[in-house]
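Residues per chain, in single letters:
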Amino acid sequence: MADSLSKTGERRPRARPILGCIADDFTGATDLASQLVGAGMRTLQTIGTPDIPLEADVDAVVVALKSRTIPAKDAIEQSIRALDWLREQGCEQFYFKYCSTFDSTPAGNIGPVTEALMEALETDFTVACPALPANRRSVFNGYLFANGVPLNESGMQDHPLTPMTDANLVRVLGAQTRHTVGLIDYTTLRQGDAAVSARIEALRAEGVGIAICDAIDNDDLLVLARACRELPLVTAGSGLALGLPANVAERLGHTEDAARLDPVAGLEAVLSGSCSRATLAQIEHARQHMPSVHLDAQALADDYRRVVDGALEHAEAYLEAGPVLIYASASPEEVRLAQQRLGVQEAGELVEHAMAEIAAELVGRLGVRRLLVAGGETSGAVVGALGVQGLRIGESIDPGVPWTTTLGTDEPLALALKSGNFGATDFMTKAWKLMP
Ligand SMILES: Nc1ncnc2c1ncn2[C@@H]1O[C@H](COP(=O)(O)OP(=O)(O)OP(=O)(O)O)[C@@H](O)[C@H]1O
Ligand SMILES: O=C(O)[C@@H](O)C(=O)CO
């Protein structure tokens, strides 16, 4: 029986966690947890908000929600529940983690959730900074760049659920919130944290509630993190996590083996529902190195049972020989076609449902214990089907994608939850060599 959340504590008396994080998807949560571990915080990730108290002795907790694309009202409710639990565990500062590509729609959920968290924490100001230079996301004069091009030219304009058609984050966030949105630009960041703090006070005095913050490289994020040390709430991608642990360095526990995982043996599979450019390239590469099955969204709608059982039969035939890839990922044109026929939400949910069932069968019946999952929504569905309660965070395969081991499953599983646009082209083949 694997550890459960209530059994992860070490022998000495438990200190209270300092940083409480709420992530709006599961891959984003492991990304954040891995940045925090890397920067010196012992971190535990929970899947959803636990209904039991935390027993683990950690510096930070990341509650992984699947709230990025659900109705804003539900996202608020889930985020406030997570906040309440994190406060009960003693957390002092809070971090709302969203995607480094600011995935959202005019209805939310970044604006509405930020507003609700600000209100609950009785604060009139917070920052918003999705920059993650390690994965080539930077913010310059309020414009978000991904892989060197404006967000709306990066492929994100074709995202199945949250197409991003404007790179100007002041405008994008402004459309989602009743707060006035301001900007702390790179010229201020380059003057150091005292200048950023002064700018925060000036913006506050002007009635600005949320400031988009430029950050072009990691030094900008370190400066911003220092300037945020007194803010009850920060909102960001995972990049800001690089600098927050230093604000409380003298209070952190021992971190030498913060990323050490126990080895997990068993069969290996890759599940992908991500249609992002990086994942499509990784699939192209992986298909040349391992057996693969494509799940067609339209075929799933026509004859779900036949398609899912066919994929499982194929996997069963090849799993003993090495990893098997099962993917629904498709080009923007194919996704658009499936969405026109089935509906945007419906197509996504159908594929997620199939991925969840396949994951449960792979693990429960076919002996898979080591699993790569590509896509945040897809990871949410898979982790839910496997009954995972929490994750221990290990070494990174590529920036933002660590190996993890599960808490709460019948046996421990090794999982790597890959954000759609993360990872090098050979991610799906090299990950196995980097396992604990
Ligand atoms: N062929 C397809 N047709 C329509 N929808 C699809 C298809 N394949 C996958 N999907 C859906 O597209 C969505 C992809 O979102 P997901 O979050 O999993 O990936 P991502 O956005 O690339 O990853 P991340 O959120 O980590 O950046 C899911 O809801 C998935 O079910
Ligand atoms: O910030 C990112 O890009 C990722 O952690 C993520 O949230 C993708 O879903």
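Since we're looking at a predicted model, the values are computed, not measured.

The rules behind these values
- Residues numbered from 1 in each chain as written.
- Chains lettered and ligands numbered in written order.
- Predicted model: local features only at pLDDT ≥ 70, side-chain atom pairs only at ≥ 80, totals over all residues.
- Heavy atoms only, no water.
- Near = heavy atom within 4 Å.
- Polar contact = N/O pair within 3.5 Å; in protein donor to acceptor, adjacent residues only side chain to side chain.
- Areas by Shrake-Rupley, 256 points an atom, 1.4 Å probe, with all protein chains shown as cover.
- Helix = DSSP H or I, 4+ residues; strand = E, 2+ residues; numbered from the N terminus.
- Nonpolar A, V, L, I, M, F, W, Y, C, P; charged D, E, K, R; others polar.
- Domains from an automatic or database assignment.
- Salt bridge = Lys/Arg side-chain N within 4 Å of Asp/Glu carboxyl O.
- Buried < 20%, exposed > 50% of the residue type's maximum accessible area, 1.4 Å probe, protein only.

Draft legend 1. The site of ligand 1, seen in detail. Surveying the vicinity of ligand 1 reveals 25 residues, the closest of which are H159, S274, S276, E352 and T378. Contact between ligand 1 and H159: an oxygen atom at 2.5 Å from a side-chain N or O atom of the residue. In the environment of ligand 1, an oxygen atom lies 2.6 Å from a nitrogen or oxygen atom belonging to the side chain of E352. Surface burial for ligand 1 is 97%, taken as the share of its 630 Å² of free accessible area covered by protein chains. Looking at the shell around ligand 1, the elements with two or more residues in it are α12 (332-342), α13 (344-364) and α14 (376-386). In terms of residue count, α13 provides more of the shell around ligand 1 than any other element does, four residues in total. Classifying every residue of the shell around ligand 1 by side-chain character gives ten nonpolar, eleven polar and four charged. Here the shell around ligand 1 spans two domains, since at least three of its residues come from each of domain 1 (3-257) and domain 2 (267-434).

Draft legend 2. Spatial organisation of the pattern of salt bridges. All chains considered together, the criterion is met by 29 salt bridges. Across the pair D166 and R171 runs a salt bridge, and its minimum N-O distance is 2.8 Å. Among the residues examined, D166 registers a relative accessible area of 22% and is labelled partly exposed. D220 is the salt-bridge partner of R190, the closest N and O atoms lying 2.9 Å from each other. With a gap of 30 residues between them, R190 in the loop between α5 (186-189) and α6 (193-205) and D220 in helix α7 (residues 218-227) connect regions that are remote in the sequence. By relative accessible area, which is 48% here, R190 ends up partly exposed. Judged by its relative accessible area of 3%, D220 falls in the buried class. Linked through salt bridges whose partners overlap, the residues forming this network are D24, D25, R68 and D103.

Treat this as a map of the structure, not an account of what it does.
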